[in-house]
Amino acid sequence: MNPEAGEFLSMLTSDEADALRAAGRPRRWERGATVMSEGDTSDWVLVLTEGRVKVSSHTSGGTEVVLAVRGPGGLIGEMSSIDGSPRSATVTALEPVAGVVIRDFAAFLQTHGRVAVLLMRMVTERLRDSDRKRIEYGAFDTTGRVATRLLELADRYGEQTNGGVRVALPLSQDELAGWTGASREAVSKALRSLRDRGLIETGRRRVVIHDVEGLRKRAR
């Protein structure tokens, strides 16, 4: 499976990608499996080659907050590998996933200076994305945040059909709620509102966006 645009592996040359794969060993996980656990002290990194995972954390009250969804080409666990601190989030397979586990990522970066610079760029982009989401939580209502997440999923996983853009959702409603910082009930109400406006159609783990521009306006 080709790496998704914007994911770490897509930034590398073919020689760099081959060297990165050669530095690790392949491994697979079934859907629902825990790939990494928050608080764990392991320092290996994972480069996804197939499937998608969610990156999440839990509040003191036990509520799951979904921080990101990563797909093929994604780099997972780089922060702990670099600074030696415990894992800051849990990574869970949303579908069967495969990847390359790299034990000594720091050594790889030391011999591939351009890749180290690309890693810094990627980490910076993730920090900017985190800042944008914090602004969203303060400025947008739940429907606006749900619309924003649906547009993000459509951009990454959308398939053009006669009826609009079809998105095979890797997330349940509970997980979508965790990604928007809202309750499941609030997300259900938001989806119903978007359906009533004729902007989307929903089914089991899928959404068809009938009016992308209309949804974009509602996301603002």
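These figures come from a predicted structure and were not determined experimentally.

S.K.: Provide a residue-level description of the nonpolar core, including the pertinent values.
M.R.: Counting residues in hydrophobic clusters, the biggest one holds 27 residues, and the most contacted among them are Leu-150, Ile-200 and Leu-215. Elements with a minimum of two residues in this core: strand E5 (64-70), helix H5 (142-157), strand E10 (164-168), helix H6 (173-180), helix H7 (184-196) and strand E12 (206-209). Considering each element in turn, this core owes the most residues, seven residues, to H5. Dropping the residues within four chain positions of it, Ile-200 is found in contact with Leu-150, Leu-191, Leu-194, Arg-195, Val-207, Val-208, Ile-209, His-210 and Leu-215. Grouped together as the second largest cluster of nonpolar side chains are 17 residues, Leu-9, Val-45, Val-115 and Leu-119 included.

S.K.: Which residues make up H6, and what values go with them?
M.R.: Burial analysis of H6 places six of its eight residues in the buried class, which makes it a mostly covered element. Looking at the residues trailing H6, positive phi occurs at Gly-181, about 70°.

S.K.: I'd like a description of the sheet that holds strand E3 (residues 45-50), backed by residues and values.
M.R.: Within the open sheet, the four strands sit side by side as E1-E8-E3-E6. Their pairing is antiparallel. Lying at the two open borders of the sheet, with one neighbouring strand each, are strand E1 (25-29) and strand E6 (75-76). In the sheet, E3 pairs with E6 via two bridges, with the strands oriented antiparallel. What sits directly across from Leu-46, in E6, is Ile-76.

S.K.: Describe the pairing of strand E7 (residues 90-93), with residues and values.
M.R.: On E7, burial covers both faces: Thr-90 and Thr-92 on one face and Val-91 and Ala-93 on the other are all buried. As defined by bridge partners, strand E2 (residues 34-36) adjoins E7 across two bridges and the pair is classed as antiparallel. Within E7, the residue paired with Met-36 across the bridge is Val-91. Summarising the sheet, strand E4 (residues 53-58) and E7 pair through four bridges and their orientation is antiparallel. The residue bridging Val-55 from the neighbouring strand is Val-91, located in E7.

S.K.: Go over the environment of Ser-37 with me, naming the residues and quoting the values.
M.R.: Summarising the element assignment, Ser-37 is placed in the loop between E2 and E3. Ignoring any residue separated from it by four or fewer positions in sequence, one finds Ser-37 in contact with Arg-87, Ala-89 and Thr-90.

S.K.: Let's hear about the sheet that holds E12: which residues, and what values?
M.R.: Read from one edge to the other, the open sheet built from four strands follows the order E9-E10-E12-E11, with strand pairing classed as antiparallel. For this open sheet the edge positions go to strand E9 (159-161) and strand E11 (200-203), each flanked by a neighbour on one side alone. Adjacent strand axes in the sheet meet at a mean angle of 25° when their direction is disregarded. Here four bridges tie E10 to E12, and the two strands are oriented antiparallel to one another. Paired with Val-167 across the bridge in E12 is Val-207. Sheet contacts for H5: E9, E10, E11 and E12; angle to E10, the most-contacted strand, approximately 90°.

S.K.: Can you break down the pattern of salt bridges residue by residue, with the values?
M.R.: This structure, assessed with the given rule, holds 14 salt bridges. Among the ionic pairs, Arg-52 bridges to Glu-95, the shortest N-O distance being 2.9 Å. In this pair, Arg-52 is assigned in the loop between E3 and E4 and Glu-95 in the loop between E7 and strand E8 (97-102), connecting sequence segments 43 residues apart. Residue Arg-52 is classed as buried on the basis of its relative accessible area of 12%. Salt-bridge contacts for Arg-184 lead to Asp-174; the nearest nitrogen and oxygen are separated by 3.1 Å. Taken together, the residues Arg-184 in helix H7 and Asp-174 in helix H6 connect sequence positions ten residues apart. By relative accessible area, Asp-174 is classed as partly exposed at 46%. Residues participating in the shared-partner salt-bridge network are Glu-4, Glu-7, Arg-149, Glu-152 and Arg-156.

About the cut-offs
- Residues numbered from 1 in each chain as written.
- Predicted model: local features only at pLDDT ≥ 70, side-chain atom pairs only at ≥ 80, totals over all residues.
- Heavy atoms only, no water.
- Core = buried A, V, L, I, M, F, W, Y, C linked by side-chain atoms within 4.5 Å.
- Buried < 20%, exposed > 50% of the residue type's maximum accessible area, 1.4 Å probe, protein only.
- Helix = DSSP H or I, 4+ residues; strand = E, 2+ residues; numbered from the N terminus.
- Contact = heavy atoms within 4.5 Å.
- Pairing = 2+ DSSP bridges.
- Axes fitted to C-alpha atoms, helices over the stretch in contact; angles between N-to-C directions.
- Salt bridge = Lys/Arg side-chain N within 4 Å of Asp/Glu carboxyl O.

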